[in-house]
Protein chains: 2
Amino acid sequence: MNTVLILAGGRGTRLGSDMPKQFLMVDGRPLIMYCLETFNLHPLVDNIVIVISKEWEDFMTEWLDREQIAKFRDFAPAGKSRQHSIWYGLQKIQTLGAQNDDIVIVHDAARPCVGVDLITGCVENLNDADAAMPVITVKDTTYMSKDGIRIDSLLNRDELYAGQAPESFRYGKYYRLHENMTDDELSAVRGTTEIAYRNGLAVRMFPGDESNYKITTQDDFEKFRMQIENKGVNN
Amino acid sequence: MNTVLILAGGRGTRLGSDMPKQFLMVDGRPLIMYCLETFNLHPLVDNIVIVISKEWEDFMTEWLDREQIAKFRDFAPAGKSRQHSIWYGLQKIQTLGAQNDDIVIVHDAARPCVGVDLITGCVENLNDADAAMPVITVKDTTYMSKDGIRIDSLLNRDELYAGQAPESFRYGKYYRLHENMTDDELSAVRGTTEIAYRNGLAVRMFPGDESNYKITTQDDFEKFRMQIENKGVNN
């Protein structure tokens, strides 16, 4: 059983609206629906769980009905940190009867352009790993510096990779990592795969997709809006 | 004497045009004119030298006249690598009578949004350094991996910085680095400041500007075009 956990609990309103970005409308539908549609149509996805703040559940339910996201199973409550949200999501997935060897795929609602191949990669790369993560190469010359003024070292760009989402995990192993963590430890986690790596799970990187960008700034949002409107998708 | 070296020798035509990107028209003027205008107006800039392929000199001369880039001094020939181009530029600057303690500021024609403060920073940060470089923080979770499959290490994002342009140098010290390099060594250089750092010059990093992005892809180009057209600049 492969379950997708969509993280949509963010309250970030820095795109200049009162609404968290994942619910902003693009060509007549909330941003979050773009990735939901892709996951819902993917043959390797069985279940979808959405991590969301209580006050957005009604809004979301209406859109899930309207667009017939048939694989949607349930909501999980948003936590005080991203990793807390993931942990609540993993607990919700357990109530759906998840087994240790099942797969959980963690995705960000703010990455609307996730492609079919990345989702397939998330599943297939777990054949010989506990976790899998799409990565893209780093284009900038990257320096390490403790103080931001003096260079401590120059990194070899050919060996640098930036993590993307979605990231996938064997359910049981990933769940147990969280079970053993304190509240503070959960708050300190900075990357979905980071804790898997730090705790000795076998993580496999695979090629991500430049076009699967995360919407963070107003520029990103405008880029996506133009992309959709120019494509004439959903018209 | 502070001289700006504008790198415009690239033949990259991957933006889908026959023309190198730095000469593509945006709102009625070639892309390269946007940074040239900023440098020309900056009170700390005395001279401008442009590294360019022979066949583009006439085109460029016409635009330099039309927009009255009064600080323009001369062209230098484009080299087979970026660092070769810089080296030819440094030699051209010598013919203008540059002294050891003079400053050379190296910029990319494909970064049209360079701001006044960055140029000022390039000069002021050389008060106690041989080289200065604007940097921005790295937002992605960044991993090191030799094979692109297994993670060798996870980098501390708080200590990672990505280099931008323009980068500045004390003329004499930077010139002499190049004098001692073989042709192969020049070809192997990957960053303008990299060779300064590797050869023991005192490099000072200072805060760059997210909006000073480099135009590499068609998306970047469209973003800049929209930015200019929406601003109504030059209308």
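Residues numbered from 1 in each chain as written. Chains lettered and ligands numbered in written order. Predicted model: local features only at pLDDT ≥ 70, side-chain atom pairs only at ≥ 80, totals over all residues. Heavy atoms only, no water.

K.L.:
How should I be thinking about the relation of the copies chain B and chain A in this particular structure?
P.N.:
These two copies of the chain differ by a rotation about an axis and a displacement along the same axis. Of the two same-sequence chains, chain B is brought onto chain A (RMSD 0.0 Å, axial shift 0.1 Å) by a rotation of 180°. Classification of the inter-copy transformation places it as that of a two-fold axis. Across chain B, the rotation axis passes nearest the C-alpha of B:Lys223, at a separation of 3.9 Å. Residue by residue, 100% of the interface of chain B is reproduced at the interface of chain A, so both copies engage with the same surface. (Least-squares fit on C-alpha atoms with pLDDT ≥ 70 in both. Contact = heavy atoms within 4.5 Å.)

K.L.:
Explain the packing of aromatic side chains here, please?
P.N.:
When we look at a pair of aromatic rings, we describe it by the centre distance and by the angle of the planes. Going through the model one piece at a time under the given rule, you end up with 16 aromatic pairs over all chains. Note on A:Phe72 and A:Phe75: the rings are 4.9 Å apart at their centroids and 55° apart in plane angle, and the pair reads as tilted. Across the pair, exposure class does not vary: A:Phe72 and A:Phe75 are buried alike. Between A:Phe169 and A:Tyr174, the ring centres sit 3.7 Å apart and the planes meet at 5°, which makes this aromatic pair stacked. Of the two residues examined, A:Phe169 and A:Tyr174, each falls in the buried class. Over the aromatic face of A:Trp63 sits the side chain of A:Arg66, whose NZ or CZ is 4.0 Å from the ring centroid. Lying across the ring of B:Tyr34, B:Arg29 places its NZ or CZ 4.4 Å from the centre. (Phe/Tyr/Trp six-rings, centres within 6.5 Å; stacked < 30°, edge-to-face > 60°. Buried < 20%, exposed > 50% of the residue type's maximum accessible area, 1.4 Å probe, protein only. Lys NZ or Arg CZ within 6 Å of the ring centre and 35° of its normal.)

K.L.:
Would you mind going over the side chain of A:Thr142 with me for this structure?
P.N.:
One can find A:Thr142 in strand E8 (residues 142-144). Judged by relative accessible area, A:Thr142 falls into the buried class, the value being 3%. A polar contact is formed between the side chain of A:Thr142 and the backbone oxygen of A:Asp140, at a distance of 3.1 Å. When near neighbours in sequence (up to four residues on either side) are disregarded, A:Thr142 contacts A:Leu154, A:Leu155, A:Leu160, B:Val138, B:Leu160 and B:Tyr161. (Helix = DSSP H or I, 4+ residues; strand = E, 2+ residues; numbered from the N terminus. Polar contact = N/O pair within 3.5 Å; in protein donor to acceptor, adjacent residues only side chain to side chain.)

K.L.:
Mind showing me how you'd approach the interface of chain B and chain A here?
P.N.:
A common way to state how big an interface is: give the accessible area lost once the parts meet. Listed by partner, the interface residues are 35 residues for chain B and 35 residues for chain A. Seen at the junction of chain B and chain A, the total is four salt bridges. A salt bridge links A:Lys223 to B:Asp219; its shortest N-O distance comes to 3.4 Å. The interface formed by chain B and chain A contains twelve residue pairs in polar contact (both at pLDDT 80 or more). Those elements that place two or more of their residues in the side of chain B that touches chain A are strand E8 (142-144), strand E9 (153-154), strand E10 (160-163), helix H7 (194-198), strand E12 (203-207) and helix H8 (218-231) of chain B. Of the residues belonging to the side of chain B that touches chain A, the class tally is 15 nonpolar, seven polar and 13 charged. Here strand E10 (residues 160-163) of chain A pairs with E8(B) via three bridges, running antiparallel. Across the sheet, residue A:Leu160 finds its bridge partner in E8(B), namely B:Met144. (Salt bridge = Lys/Arg side-chain N within 4 Å of Asp/Glu carboxyl O. Nonpolar A, V, L, I, M, F, W, Y, C, P; charged D, E, K, R; others polar. Pairing = 2+ DSSP bridges.)

K.L.:
Sorry, what's going on with helix H1 (residues 32-41) of chain A here?
P.N.:
Of all ten residues in H1(A), eight are buried; the element is thus mostly enclosed. Turning to H1(A), its buried residues are A:Ile32, A:Met33, A:Tyr34, A:Cys35, A:Leu36, A:Thr38, A:Phe39 and A:Asn40.

K.L.:
Teacher, can you tell me more about the environment of B:Leu154 here?
P.N.:
Considering the arrangement of structural elements, one finds B:Leu154 in strand E9. For B:Leu154, a relative accessible area of 15% gives the class buried. When the C-alpha positions of B:Leu154 and B:Lys214 are compared, they lie 26 Å apart, and in sequence the two are 60 residues distant. Not counting the four nearest positions on each side in its chain, B:Leu154 is found in contact with A:Glu194, A:Tyr197, A:Arg198, B:Thr141, B:Thr142 and B:Tyr143.

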